Amino acid sequence: MSYFRNENGSFVLYDAFNKPQPLLELANDTANQSDMLQVFLFQEINAALPKLFGNMPDDATDALIFMRTVNSLLRKPQIHSALKIGKWSKLDATLAELLPKFNEKNLLHCYVPHRPVGKFDNVNFVCVEVDGGA
């Protein structure tokens, strides 16, 4: 069975063979090549992760996607676009808040059946409901 561990500021996924897979290194200052200061990065991640972890089966998957996305954002300061297909989720709301904090031009594209209620400045919604699964 796979599980996550926080090991001195680094998030590690242990796979089914108990082999560690590093996901996100927050304690390593040199790993952060983005324009976001390390202190703000810690604050943002600490605020976001509790929103994602819960008792639903998809929560672990959302946390994994979130950590991999943040890891990509840390690599270098550039404009990032992310695409999400499916119903609006906690992960989408969290990414919609976090992406522009790394770069105000970052954008989340959401291909969803219905637009959620709320103001989302850095989200481009494409609302389409597929009939019959085609």
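Model, not experiment: these values are computed from the prediction.

Participant: Just checking my understanding: could you explain unusual backbone geometry for this structure?
Facilitator: Leave glycine aside and you will find that most residues have negative phi; peptide bonds, for their part, are mostly trans. Positioned with a positive phi, Asn18 is a non-glycine residue whose angle comes to about 60°. Structurally, Asn18 is set in the loop between strand E2 (10-14) and strand E3 (20-25). Among the residues examined, Asn18 registers a relative accessible area of 45% and is labelled partly exposed.

Participant: Honestly, the packing of helix H1 (residues 38-52) against helix H2 (residues 57-75) in this entry has me stumped. Any pointers?
Facilitator: Between two packed helices, both the angle of their axes relative to each other and the distance between the axes serve to describe the pair. As a packed pair, H1 and H2 sit with axes 10 Å apart at the nearest point and diverge in direction by 160°. Comparing their axes, H2 and H1 come out roughly antiparallel. As for how H1 packs across H2, the hand of that crossing is right-handed. Between H1, through Leu41, Ile45, Ala48, Leu49 and Leu52, and H2, the contact on the second element is made entirely by Asp59, Asp62, Ala63, Phe66, Val70 and Leu74. Counted by class, the contact of H1 with H2 contains 9 nonpolar, no polar and 2 charged residues.

Participant: Whenever I open this one, the pairing of strand E1 (residues 3-7) confuses me. Can you help?
Facilitator: Moving residue by residue along a regular strand, the side chains alternate between the two faces of the sheet. As defined by bridge partners, E1 adjoins E2 across 5 bridges and the pair is classed as antiparallel. Residue Tyr3 lies in a different strand from E2, and its bridge partner there is Tyr14. Counting the residues in the hairpin turn of E1 and E2 gives 2 residues, including Asn8, whose phi is positive at 55°.

Participant: Would you mind going over a nonpolar patch on the surface with me for this structure?
Facilitator: Among the surface-exposed residues, Leu83, Ile85, Tyr111, Val126 and Val128 lie close enough to one another that they form a single nonpolar patch of about 450 Å² accessible area. As for its placement among the helices and strands, Val126 is situated in strand E6 (residues 123-127).

Participant: Before we go on, may I ask you to explain the side chain of Asn106 in this structure?
Facilitator: Within the secondary structure, Asn106 sits in the loop between helix H3 (90-102) and strand E5 (107-112). Side-chain polar atoms of Asn106 contact the backbone oxygen of Leu99, separated by 2.8 Å. Setting aside its immediate chain neighbours within four residues, Asn106 contacts Leu73, Gln78, Ile79, His80, Leu99, Pro100 and Asn122.

Participant: Can you help me understand the state of the cysteines in this one?
Facilitator: Each disulfide consists of one covalent bond between the sulfur atoms belonging to two cysteines. Applying the stated criterion across every chain, the model contains 0 disulfides. Its sulfur unpaired, Cys110 is 9.1 Å from the next cysteine sulfur, which belongs to Cys127. The class of Cys110 is buried, set by a relative accessible area of 1%. Residue classification places Cys127 among the partly exposed positions, given a relative accessible area of 41%.

Participant: It is not clear to me how the sheet that holds strand E4 (residues 81-85) should be interpreted in this structure. Could you clarify?
Facilitator: To summarise the sheet geometry, strands pair through backbone hydrogen bonds and adopt either a parallel or an antiparallel arrangement. On the basis of which strands lie adjacent, the open sheet formed by 3 strands has the order E4-E5-E6 and parallel pairing. Both edges of this open sheet fall to E4 and E6, since each of them pairs with a single strand only. With strand direction ignored, the average angle separating the axes of adjacent strands in the sheet is 15°. Sheet topology note: the E5/E6 ladder contains 5 bridges and is parallel. Bridge assignment links Cys110 to a residue of E6, and that residue is Phe125.

Participant: Which parts of the structure should I look at to understand the nonpolar core?
Facilitator: Considering soluble globular proteins, one finds that nonpolar side chains tend to be buried as a cluster. By size, the foremost hydrophobic cluster in this structure holds 28 residues, and its most contacted members are Leu24, Leu41, Phe66 and Val70. Discounting chain neighbours no more than four positions away, the residues touching Phe66 are Ile45, Ala48, Leu49, Leu52, Leu91, Thr94, Leu95 and Leu98.

What counts as what
- Residues numbered from 1 in each chain as written.
- Predicted model: local features only at pLDDT ≥ 70, side-chain atom pairs only at ≥ 80, totals over all residues.
- Heavy atoms only, no water.
- Helix = DSSP H or I, 4+ residues; strand = E, 2+ residues; numbered from the N terminus.
- Buried < 20%, exposed > 50% of the residue type's maximum accessible area, 1.4 Å probe, protein only.
- Axes fitted to C-alpha atoms, helices over the stretch in contact; angles between N-to-C directions.
- Parallel < 35°, antiparallel > 145°, perpendicular 65-115°, else oblique.
- Left-handed = near helix turned anticlockwise from the far one by under 90°.
- Contact = heavy atoms within 4.5 Å.
- Nonpolar A, V, L, I, M, F, W, Y, C, P; charged D, E, K, R; others polar.
- Pairing = 2+ DSSP bridges.
- Patch = residues over 30% accessible without salt bridge, like charges linked within 9 Å, V, L, I, M, F, W, Y side chains within 5 Å.
- Areas by Shrake-Rupley, 256 points an atom, 1.4 Å probe, with all protein chains shown as cover.
- Salt bridge = Lys/Arg side-chain N within 4 Å of Asp/Glu carboxyl O.
- Polar contact = N/O pair within 3.5 Å; in protein donor to acceptor, adjacent residues only side chain to side chain.
- Disulfide = S-S within 2.5 Å.
- Core = buried A, V, L, I, M, F, W, Y, C linked by side-chain atoms within 4.5 Å.

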